[in-house]
Amino acid sequence: MTGDYNMAYHKFLVHEKKDSVGVAITDIKKGEFVKGVFLADEGVLNITAADSIPLGHKIALNSIKSGEFIIEYGEKIGRAFKDINQGSWVHTHNLKSIHWVKK
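Per-chain numbering applies: the sequence of each chain, read as written, is numbered from 1 onward. Confidence filtering applies because this is a predicted model: local features only for residues at pLDDT of at least 70, side-chain atom pairs given and counted only at 80 or more, and all residues used for totals across whole chains, interfaces and linings. To obtain the side-chain values, all non-hydrogen atoms of the structure were used and water was disregarded.

(A) Representation of the overall build of the protein chain. What the protein chain contains, in helices and strands, is zero helices and nine strands. Each helix corresponds to a stretch of at least 4 residues labelled H or I by DSSP, and each strand to a stretch of at least 2 residues labelled E; elements are numbered beginning at the N terminus. Helices (α) and strands (β) of the protein chain occur, in sequence order from the N terminus, as β-β-β-β-β-β-β-β-β. The buried share among the 103 residues of the protein chain stands at 43%. In this analysis, two residues are considered to be in contact whenever any of their non-hydrogen atoms come within 4.5 Å of each other. Taking all contacts inside the protein chain whose residues are at least 6 apart in sequence as the whole, residues at least 24 apart take part in 51%. Here the protein chain displays about 6,000 Å² of accessible surface, and carbon together with sulfur accounts for 51% of that area. Here's how the labels work: a residue is buried when its accessible area is under 20% of the maximum for its type, exposed when over 50%, partly exposed in between, all with a 1.4 Å probe on protein chains only. Areas reported here follow the Shrake-Rupley algorithm with a probe of radius 1.4 Å; residue values treat only the protein chains shown as occluding.

Put into C-alpha cells, the structure is as follows:
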C-alpha cells in the first residue's frame, strides 16, 4: 500500500454493488489510500487512488478495459474508450457518455 493511510472516514460512495465507479465526496489525492462505502449495505471498499480525483467525480473501483460499459447507479452510464486502472479518475478523458454510445 502506498500513500496516506487515514481511514477514519470514507471519501467515496458506491450506489449499487454492481457499479464500476464510486463518487468522491471530498477531493482525493493521487496515491492516497481511501475508503469507500456501499450505500446498499454499508460495506466497505479500500482503494489507492491512481489519480487526484475532485469532489463529485468518479473513481474506478476495478480495472475497466477499453470498450467496456461503465456502471453507476446500477445502470450503464457510458463506455471506456481506453483502459482505466483501478483507482483512476473516470471522466471525459476516458469515458464516452451513454448518450453517444451504441448500446
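(B) Structural detail: unusual backbone geometry. One non-glycine residue with positive phi stands out, namely Glu42, at about 65 degrees. Within the secondary structure, Glu42 sits in the loop between strand E3 (33-38) and strand E4 (44-48). Overall, the relative accessible area of 63% leaves Glu42 in the exposed class. Unusually for a residue other than glycine, Tyr73 sits at a positive phi of about 60 degrees. Tracing the backbone shows Tyr73 in the loop between strand E6 (69-72) and strand E7 (75-80).

(C) How the structure looks around the sheet that holds strand E9 (residues 95-97). DSSP bridges decide pairing: two strands pair if at least two such bridges lie between them. Pairing within the open sheet is antiparallel, and its three strands lie in the order E6-E7-E9. Every other strand in the sheet has two partners, leaving E6 and E9 as the edge strands with one partner each. With strand direction ignored, the average angle separating the axes of adjacent strands in the sheet is 45 degrees. Judged from the four bridges that link them, E6 and E7 form a sheet pairing that is antiparallel. Bridge pairing in E7 places Ile70 opposite Gly78. Lines fitted to C-alpha atoms define the axes here, with helix axes fitted over just the stretch in contact, and angles between the N-to-C directions of these axes take values from 0 to 180 degrees.

(D) Structural context of the packing of aromatic side chains. Aromatic rings from Phe, Tyr and Trp, taking only the six-membered ring of Trp, are treated as a pair when their centres fall within 6.5 Å; an angle between ring planes under 30 degrees marks them as stacked, one over 60 as edge-to-face, and anything in between as tilted. For the structure on display, the rule yields zero aromatic pairs. Any Lys NZ or Arg CZ found within 6 Å of a ring centre and within 35 degrees of that ring's normal is scored as a charge over the ring. Positioned above the aromatic ring of Phe38, the side-chain terminus of Lys17 is 3.9 Å from the ring centre. One Lys or Arg, Arg79, reaches over the ring of Phe69 and ends 3.9 Å from the middle of that ring.

(E) Molecular detail of the sheet that holds strand E2 (residues 21-24). Across the sheet, which stays open at both edges, the six strands sit in the order E4-E3-E1-E2-E5-E8 with mixed pairing between neighbours. Edge positions in the sheet fall to E4 and strand E8 (89-90), since each of these pairs with one other strand and no more. As defined by bridge partners, strand E1 (residues 12-14) adjoins E3 across three bridges and the pair is classed as parallel. Directly across from Val14, in E3, lies its bridge partner Phe38.

Coordinates in, geometry out; function isn't part of it.
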